[in-house]
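Understanding the architecture of this molecule
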Amino acid sequence: MTSRMIGDFRVRCSVAREEDQGYRVQIWTRRIGGTAPEKCWTVPGQAPFTSLHEAEQESQQLFQVINGVRFNGEPEFAHASA
């Protein structure tokens, strides 16, 4: 799993298996230097993936299009389809 800094936040993506529903991409953000815990975000409206491979590919693509992080830790994407 890779991570990178965007502003004051460390951002990373991961894949989680959901019980009987497939796999979901999760985006994790954490403000560096603060005491707040890491926050987990999902892409609204994104359907679960049936295979781990598909979810991992989507995770890598999403990681590349995150171009900002809002003050509350919510990731911002480079295009509206994410």
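Located above this text is the structure these notes cover.
Presented here is an overview of the structure given in this document. (Residues numbered from 1 in each chain as written. Predicted model: local features only at pLDDT ≥ 70, side-chain atom pairs only at ≥ 80, totals over all residues. Heavy atoms only, no water.)

**Some words on the pairing of strand 5 (residues 66-69)**
A regular strand places its side chains on the two faces of the sheet in alternate fashion. Definition in use: Strands are treated as partners if at least two bridges between them are detected by DSSP. A run of H or I in DSSP becomes a helix once it reaches four residues, and a run of E becomes a strand once it reaches two; helices and strands are each numbered from the N terminus.
As paired strands, strand 5 and strand 6 (residues 75-77) are joined by three bridges and run antiparallel to one another. Residue pairing in the sheet places Val69 in a bridge with Pro75 of strand 6. Hairpin geometry of strand 5 and strand 6 is characterised by an intervening segment of five residues between the two adjacent antiparallel strands and by a positive phi of about 100° at Gly73.

**Description of the sheet that holds strand 1 (residues 3-6)**
Test applied: For helices, the fitted axis covers only the stretch in contact; all axes are lines through C-alpha atoms, and the angles between them, taken along N-to-C directions, range from 0 to 180 degrees.
As summarised here, the arrangement of the four strands in space is 1-2-3-4, forming an open sheet in which the pairing is antiparallel. If you trace the sheet from one side to the other, it starts and ends with strand 1 and strand 4 (39-41), each paired once. Mean inter-strand twist for the sheet, computed between neighbouring axes without regard to direction, equals 35°. Bridging between strand 3 (residues 22-31) and strand 4 involves three bridges; their strand directions are antiparallel. By the bridge assignment for strand 4, Ile27 is matched with Trp41.

**What about the environment of Cys40?**
Keep this limit in mind: Only heavy atoms enter the contact rule, under which two residues are in contact if any of them lie within 4.5 Å.
By the secondary structure assignment, Cys40 is in strand 4. The residues contacting Cys40, other than those within four sequence positions of it, are Gln26, Ile27 and Trp28.

**Observations concerning the side chain of Gln26**
What counts, and what does not: With a 1.4 Å probe rolled over the protein chains alone, any residue whose accessible area is under 20% of its type maximum counts as buried; one over 50% counts as exposed, and the rest are partly exposed.
Here Gln26 shows up in strand 3. Residue Gln26 is classed as buried on the basis of its relative accessible area of 19%. Excluding anything up to four places from it in sequence, Gln26 contacts Arg12, Cys13, Ser14, Ala16, Cys40 and Trp41.

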